[in-house]
Amino acid sequence: MIEDRELDSWREQWSNVAEPPAEFQRKVQQRIKREDRRFVLGNLVTLIAFLGLLVFAVFMRHQSNWMGTGWATGICVLVFVSAGYRLWMMRGTWRPETQSTRAFVELWHKRVAARIRLLRISIYVSLGWIIFCAALTAVNWKTIGQDVRAHPSDWVELLIACVLMQPVIWYWAAWLRRRKLAELNEVKEILDEMDGKLVP
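Residues numbered from 1 in each chain as written. Predicted model: local features only at pLDDT ≥ 70, side-chain atom pairs only at ≥ 80, totals over all residues. Heavy atoms only, no water.

Visitor: Explain the overall build of the chain residue by residue, including any values.
Guide: Scanning the chain for helices and strands turns up six helices and zero strands. The N-to-C order of helical and strand elements in the chain reads α-α-α-α-α-α. Expressed as a percentage of its 200 residues, the buried residues of the chain come to 28%. When contacts within the chain are restricted to residue pairs at least 6 apart in sequence, long-range pairs at least 24 apart make up 75% of them. Accessible area for the chain stands at about 14,000 Å²; split by element, carbon and sulfur atoms hold 65% of it. (Helix = DSSP H or I, 4+ residues; strand = E, 2+ residues; numbered from the N terminus. Buried < 20%, exposed > 50% of the residue type's maximum accessible area, 1.4 Å probe, protein only. Contact = heavy atoms within 4.5 Å. Areas by Shrake-Rupley, 256 points an atom, 1.4 Å probe, with all protein chains shown as cover.)

And the structure:
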């Protein structure tokens, strides 16, 4: 019978690997559980928002005014492009590859990086929506112009709301991006600490 010394050597090396302190593991596991809850909640809120926008689009489609078809089409395109892009960016972030602490921390890292990419694209989507609305208004100006002259105060309120909404969206995206970058640095530090302790 042949003795496998390499396997014994690996067993010995594996048993000599320093385990991270229990406090460190507990802290990391708590953060991962909290991040998992936020991930699930964020996806549920996103799904509800997408469904709400689709219901709104169907409602707008049945309106007899100038906005009906154009707005419904724009909202549907926005929803499907946003949902598709979100799913594409979040690929590989649904579950860890293994059930180890390191795999969960790596999953957390992937999720934070995906959120940063999604925030970057949200700025472009909001700009695209403004361009779409401007084009729709320009194409339908004959019909809209009559309504603007008949109800100028309603249109001024709408214009002010649209102008103020854009900086609010950009500020929120910038604020959330700063938070996510700080979280990304925290995850990298945890991964570095795990590497420093040679955690498998």
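The discussion continues.
Visitor: Break down the packing of aromatic side chains for me, citing the residues and quoting the values.
Guide: Counted under the stated rule, the structure contains one aromatic pair. In this structure, arginine 111 is placed above the aromatic ring of phenylalanine 39, and the distance from its NZ or CZ to the ring centre is 3.7 Å. (Phe/Tyr/Trp six-rings, centres within 6.5 Å; stacked < 30°, edge-to-face > 60°. Lys NZ or Arg CZ within 6 Å of the ring centre and 35° of its normal.)

Visitor: Lay out the side chain of glutamine 166 in plain terms, naming residues and giving numbers.
Guide: With respect to the element layout, glutamine 166 can be found in helix α6 (residues 152-196). With residues up to four places along the chain from it excluded, the contact list for glutamine 166 reads Ser126 and Ile130.

Visitor: How would you summarise a positive patch on the surface if you had to cite specific residues and measurements?
Guide: A cluster of like positive charges, contributed by Arg91, Arg117, Arg120 and Arg177, occupies part of the molecular surface. Mapped onto the fold, arginine 177 is located in helix α6. Accessibility expressed as a relative area gives 34% for arginine 177, which makes it partly exposed. (Patch = residues over 30% accessible without salt bridge, like charges linked within 9 Å, V, L, I, M, F, W, Y side chains within 5 Å. Salt bridge = Lys/Arg side-chain N within 4 Å of Asp/Glu carboxyl O. Lys, Arg positive; Asp, Glu negative; His and termini not counted. Charge placed at Lys NZ, Arg CZ, Asp CG, Glu CD.)

Visitor: I'd like a description of a nonpolar patch on the surface, backed by residues and values.
Guide: A surface patch of nonpolar side chains, amounting to about 360 Å² of accessible area, comprises Val40, Leu44, Leu47 and Leu51. The residue leucine 51 is located in helix α2 (residues 22-61) in this model.

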